[in-house]
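Letter by letter, the chains look like this.
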Amino acid sequence: MIKNDIWIAKMAQQGMITPFEPKLIRRFENLPVISYGLSSYGYDIRLSPSEFRIFRHIPGTVVDPKNFNPDNLEPTKLHTDANGKYFILPAHSYGLGVALERLDIPENITVLCIGKSSYARVGLIANLTPAEAGWRGHLTLEFSNSSSADCRIYANEGVVQLIFFEGEPCSVSYETRQGKYQDQPEQVIFSRV
Ligand SMILES: Nc1ccn([C@H]2C[C@H](O)[C@@H](COP(=O)(O)OP(=O)(O)OP(=O)(O)O)O2)c(=O)n1
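In what follows, the accompanying structure is described. (Residues numbered from 1 in each chain as written. Predicted model: local features only at pLDDT ≥ 70, side-chain atom pairs only at ≥ 80, totals over all residues. Heavy atoms only, no water.)

**Re the pairing of strand 2 (residues 25-28)**
- Looking at chain direction, strand 2 and strand 3 (residues 31-39) are connected through three bridges and run antiparallel. Counted as the bridge partner of R27 is P32 from strand 3.
- Between the antiparallel neighbours strand 2 and strand 3 lie two residues, among them E29 with a positive phi of about 45°. (Pairing = 2+ DSSP bridges. Helix = DSSP H or I, 4+ residues; strand = E, 2+ residues; numbered from the N terminus.)

**Re the site of the ligand**
- Lining the immediate environment of the ligand, one finds T129, P130, A131, E132, W135, L139, T140, E142, Y174, K180, Y181 and Q184.
- A distance of 2.6 Å is found between a nitrogen atom of the ligand and a backbone nitrogen or oxygen belonging to T140.
- Within the contact set of the ligand, an oxygen atom lies 2.8 Å away from a side-chain nitrogen or oxygen of K180.
- In isolation the ligand offers 580 Å² of accessible surface; the protein chains occlude 74% of this area.
- Structurally, the ligand is housed in the largest pocket.
- Elements that contribute at least two residues to the shell around the ligand include exactly strand 12 (129-131) and strand 14 (140-145).
- The greatest single-element share of the shell around the ligand, amounting to three residues, is contributed by strand 12.
- Partitioned by chemical class, the residues of the shell around the ligand number six nonpolar, three polar and three charged. (Near = heavy atom within 4 Å. Polar contact = N/O pair within 3.5 Å; in protein donor to acceptor, adjacent residues only side chain to side chain. Areas by Shrake-Rupley, 256 points an atom, 1.4 Å probe, with all protein chains shown as cover. 1 Å grid on protein atoms, 1.4 Å probe; cavity = no way out; pocket = protein on both sides within 12 Å on 5 of 7 lines; lining within 4 Å. Sits in = over half its atoms within 2 Å of the grid points. Nonpolar A, V, L, I, M, F, W, Y, C, P; charged D, E, K, R; others polar.)

**Observations regarding helix 1 (residues 5-13)**
- Buried within helix 1 are the following residues: W7, I8, M11 and A12. Buried residues of helix 1 fall within an arc of 130° about the axis and therefore sit on the same side. Of the exposed residues in helix 1, the ones pointing more than 90 degrees away from its buried face are I6 and Q13.
- As for helix 1, its buried residues are in contact with strand 1 (17-18), strand 3, strand 4 (42-55), strand 10 (109-115) and strand 16 (158-166).
- Of the residues flanking the start of helix 1, the one acting as N-cap is N4, its side-chain oxygen 3.2 Å from the backbone nitrogen of I6.
- Two residues or fewer after helix 1 comes G15, characterised by a positive phi angle close to 105°. (Buried < 20%, exposed > 50% of the residue type's maximum accessible area, 1.4 Å probe, protein only. Arc of directions from axis to C-beta. Contact = heavy atoms within 4.5 Å.)

**Looking at the pairing of strand 16**
- Here strand 4 runs beside strand 16; their pairing, made up of four bridges, is antiparallel. Residue pairing for strand 16: R46 is matched across the bridge by G158.

So this is what it looks like as structure tokens:
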């Protein structure tokens, strides 16, 4: 069953989401922000200002998830203006960022990471991915700008929402099988095999 705000707040106190914001924040220092924090049946995490990378084509090469070449993912600059701190994802491009929050997923919970409507409305698609039972770390977040216009993506503000589902206890969790993306730090982690 999908977990509610009461359960999410209780588990966050035990370390499931760090830092944790117990209500949905829509303004910060009197300025509107892309919302983050606890919602009725989920939690909206923020984009870390630490790093954002954008795919670029290197003529004569093909991106290989089994043998990833970091040259294909170029770091991009963090900008600042009166509206906040932001990265720019160019039109029709794909970029990777990282979550500001550290997660520690319980052994009987699966998390779905899905997009926020405000970004969906401007053409920014967050790739739909799971965080598995027993996984810990900072999520690597994947975005595609499907519109023909460059788009801002704000750091320190809401970027992706998490939905928590409880299941019967599993026999092998991400922790017990020692998954390769366990304990991700607050930086973009490339595809591995
Ligand atoms: N946006 C996301 C979604 C997930 N993860 C982390 C948490 C997941 O538990 C872990 C593995 O996710 P998948 O099972 O989708 O990845 P793979 O199947 O490719 O890897 P593995 O073989 O480790 O399961 O990656 C992440 O960093 N960023």
